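# Geometric and topological summary
Below, each chain spelled out in residue letters.
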Amino acid sequence: MKKEEKSPVYGRDVMELVTVAVEYCAFLEQTEGKTRMSFVDTLMKLLPLLYLKAALLPKYEILDNDYYAEDFVTEENYDIVRANISIVMGEKDDYLDVFMEDMKYSETPILATVSENLADIYQELKNFAMAYKNATDEEQMMNALAEVKEGFQFSWGQKLVNVQRALHEVRYSEEDEY
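How each quantity is defined
- Residues numbered from 1 in each chain as written.
- Predicted model: local features only at pLDDT ≥ 70, side-chain atom pairs only at ≥ 80, totals over all residues.
- Heavy atoms only, no water.
- Helix = DSSP H or I, 4+ residues; strand = E, 2+ residues; numbered from the N terminus.
- Expected span 1.5 Å × (residues − 1).
- Bend = angle between axes of the 7 residues up to and from the residue.
- Polar contact = N/O pair within 3.5 Å; in protein donor to acceptor, adjacent residues only side chain to side chain.
- Phe/Tyr/Trp six-rings, centres within 6.5 Å; stacked < 30°, edge-to-face > 60°.
- Buried < 20%, exposed > 50% of the residue type's maximum accessible area, 1.4 Å probe, protein only.
- Core = buried A, V, L, I, M, F, W, Y, C linked by side-chain atoms within 4.5 Å.
- Contact = heavy atoms within 4.5 Å.

## So, helix α6 (residues 138-171)
- The end-to-end C-alpha distance of α6, which contains 34 residues, comes to just 41 Å, noticeably less than the 50 Å that a straight helix rising 1.5 Å per residue would cover.
- Of all the bends in α6, the greatest, near 65°, is centred on F152.
- If you check the start of α6, you find a side-chain oxygen 3.1 Å away from the backbone N of E139, and it comes from D137.

Written out as structure tokens, the structure reads:
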């Protein structure tokens with residue numbers, strides 16, 4: 001019997017999410033020295049894939065009540081990724097966001113940054129990919145899937161669509177050189 005038939009952790013949709021998540025993380029880890037044009041162009045292809053792959057997953061339940069997701073992304077890793085994105089984005093890093101939780105209490109849009117949102121998504125996906133890779137059994141893999149799906153639903157999925165809107169503006173702005 002094939003692994004795919006035994007457990008959902010080896011299913012096509014799961015493997016595709018893992019693959020795109022790893023590709024996204026590797027891309028952001030190699031941001032330094034990229035032009036804004038190539039950086040934005042690549043993200044405008046990766047972000048919709050990430051959204052689609054995460055949306056296709058069913059909701060999973062954490063199987064172990066004592067499950068604790070390890071943080072593989074250190075504060076230093078996060079800051080390096082965020083800073084490198086900020087440098088590449090330059091003056092286009094800031095954007096106004098109306099879909100933030102704080103907006104409920106404000107009548108004006110809130111300033112957000114592409115770099116922080118992409119780094120937040122990076123942190124969630126890198127922690128997921130590492131937990132999935134380092135899992136010693138299928139239960140741990142299911143727990144990692146449950147956590148990344150819940151994070152998508154309540155956190156990083158919204159950040160992804162918000163930042164994609166900002167990147168779309170940068171990519172298709174009237175300026176000749178973005």
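Text resumes after the structure shown.
## A closer look at the environment of E169
- For E169, the position within the fold is in helix α6.
- As a C-alpha pair, E169 and Y95 span 74 residues in sequence and 9.7 Å in three-dimensional space.

## As for the packing of aromatic side chains
- With the rule as written, the count across this model stands at four aromatic pairs.
- Both rings, one in F128 and one in Y132, keep their centres 5.6 Å apart while their planes meet at 50°; by these two values the pair is tilted. In this pair, F128 and Y132 both sit in helix α5 (residues 114-134), four residues apart, roughly one turn of the helix.
- Residue class for F128 comes out buried when judged on its relative accessible area of 4%.
- One aromatic cluster is present, built from ring pairs that chain together Y51, F152 and W156.

## A look at the nonpolar core
- Y24, L28, F39 and L118 are the most contacted members of the largest nonpolar core, which has 51 residues in total.
- Of all the secondary-structure elements, those providing two or more residues to this core are α2 (12-29), α3 (36-56), α4 (75-89), α5 and α6.
- Sort the elements by how many residues they give to this core and α6 lands first, with 13 residues.
- In contact with L118, not counting residues within four places along its chain, are Y24, L28, F39, L43, L47, I85 and V163.

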